Amino acid sequence: MLGLARYGFRDEANRVALALLDAAAEFGDRLPEAMAGFARERTLAAIPYPTACSPQAWASGVPLNLIRAMLGLRPVDGQLVVDPALPPEIGRIQIRGIAAFGHRWDVEAVGSEGYVRLAAG
């Protein structure tokens, strides 16, 4: 998903992100290691893969990468920058106090508008 966003497929990355968030809601807001690949039209809910671990440690990082991809958040020359492309279903993302480069940063985005600035204090 980060690769899609990195290479300019932001709409496609958002589609995957929203689908993963929908799936997470079916699993108690935790993504499992794997889930069955049935079409949404075939089943009413996500189907757990029988031998998948849940929670799965590496899957716990997925929501952070979803946010990063939607925000277009990346480090550039000792600063954080954003190039947001938030889907309407998300609306707004606001993060306070991200630690990076020896500072704390505040990030906010709505749609394709956003900012990063040093946190107060």
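The model shown is predicted, which means the values in this text are computed figures rather than measured ones.

Peer 1: Teacher, can you tell me more about the side chain of Asn14 here?
Peer 2: Tracing the chain through its elements places Asn14 in helix 2 (residues 10-26). Not counting the four nearest positions on each side in its chain, Asn14 is found in contact with Met70, Ala85, Leu86 and Pro87.

Peer 1: Got a minute to help me understand helix 3 (residues 62-71) in this structure?
Peer 2: An α-helical turn contains 3.6 residues, so a residue and the one three or four places further along point in the same direction. Along helix 3, the residues classified as buried are Leu66, Ala69, Met70 and Leu71. At its buried positions, helix 3 is contacted by helix 1 (2-6), helix 2, strand 3 (92-100) and strand 4 (103-110). The first or second residue beyond helix 3 is Gly72, which carries a positive phi of 65°.

Peer 1: Sorry, what's going on with the nonpolar core here?
Peer 2: In terms of nonpolar packing, the biggest core is built from 14 residues, with Leu71, Leu73, Leu80, Leu86, Ile98 and Val107 touching the most fellow members. Of all elements in the fold, only helix 3, strand 3 and strand 4 reach the threshold of two or more residues within this core. With residues up to four places along the chain from it excluded, the contact list for Leu71 reads Arg10, Val82, Asp83, Pro84, Leu86, Ile93, Ile95, Val107 and Ala109.

Peer 1: Looking at this model, I keep getting lost on unusual backbone geometry. Mind explaining?
Peer 2: Across the chain, the bulk of peptide bonds are trans and the bulk of non-glycine residues have phi less than zero. Positioned with a positive phi, Asp29 is a non-glycine residue whose angle comes to about 65°. Residue position: Asp29 is located in the loop between helix 2 and helix 3. The exposure class assigned to Asp29 is exposed, which follows from its relative accessible area of 65%. Backbone geometry at Asp77 places phi at a positive 50°, although glycine is not the residue there.

Peer 1: Where do I start with the sheet that holds strand 5 (residues 113-118) in this structure?
Peer 2: Hydrogen bonds between backbone atoms are what pair the strands of a sheet, whose relative direction is either parallel or antiparallel. Pairing is antiparallel in the open sheet, where three strands are placed in the order 3-4-5. The open sheet has two free edges, formed respectively by strand 3 and strand 5, since each of these has just one partner strand. Strand-to-strand twist in this sheet, taken as the mean axis angle between neighbours without regard to direction, amounts to 15°. Of the strands in this sheet, strand 3 and strand 4 are in contact with helix 3, which crosses strand 3 at around 105°.

Peer 1: Would you mind showing me how to read the pattern of salt bridges here?
Peer 2: Should the charged atoms of two oppositely charged side chains come close, the side chains can pair. In this structure the tally under the stated criterion is three salt bridges. Glu108 is the partner of Arg92 in a salt bridge, and the nearest nitrogen-oxygen pair spans 2.7 Å. Highlighted residues: Arg92 in strand 3 and Glu108 in strand 4, separated in sequence by 16 residues.

Peer 1: I'm lost on the pairing of strand 4 in this one. Help?
Peer 2: Regular strands show a simple pattern: their side chains alternate between the two faces of the sheet. The pairing of strand 3 with strand 4 spans seven bridges and is classified as antiparallel. Note that in strand 4 the partner of Ile98 across the bridge is Trp105. Linkage of strand 3 to strand 4, two consecutive antiparallel strands, is achieved through a turn of two residues, within which Phe101 is found at a positive phi near 60°. Where strand 4 lies against strand 5, six bridges are found, and the strand directions are antiparallel. Paired with Glu108 across the bridge in strand 5 is Tyr115. Here strand 4 hands over to strand 5 after two residues, with Gly111 in that stretch at a positive phi of 60°.

Reading guide: rules and limits
All residue numbers refer to position in the chain's written sequence, counted from 1. Reporting in this predicted model follows two pLDDT cut-offs: at least 70 for local features of residues, and 80 or more for side-chain atom pairs to be given and counted; totals over whole chains, interfaces and linings ignore these cut-offs and use all residues. Side-chain descriptors were evaluated using all non-hydrogen atoms of the structure, hydrogens and water having been removed beforehand. Secondary structure is summarised from DSSP: a helix means a run of H or I of at least four residues, a strand means a run of E of at least two, and numbering begins at the N terminus for each. Two residues form a contact once any of their heavy atoms are found within 4.5 Å. Think of it in three bands: residues with accessible area under 20% of the maximum for their type are buried, residues over 50% are exposed, and the middle band is partly exposed, with areas taken using a 1.4 Å probe on protein chains only. What we call a nonpolar core is a set of buried Ala, Val, Leu, Ile, Met, Phe, Trp, Tyr and Cys residues that are connected through their side-chain atoms within 4.5 Å. Here, a strand pair is defined by DSSP locating no fewer than two bridges between the strands. Axis geometry follows a simple rule: fit a line to the C-alpha atoms, using only the stretch in contact for helices, then measure angles between N-to-C directions, giving values from 0 to 180 degrees. Salt-bridge detection follows one rule: a side-chain nitrogen of Lys or Arg within 4 Å of a carboxyl oxygen of Asp or Glu.

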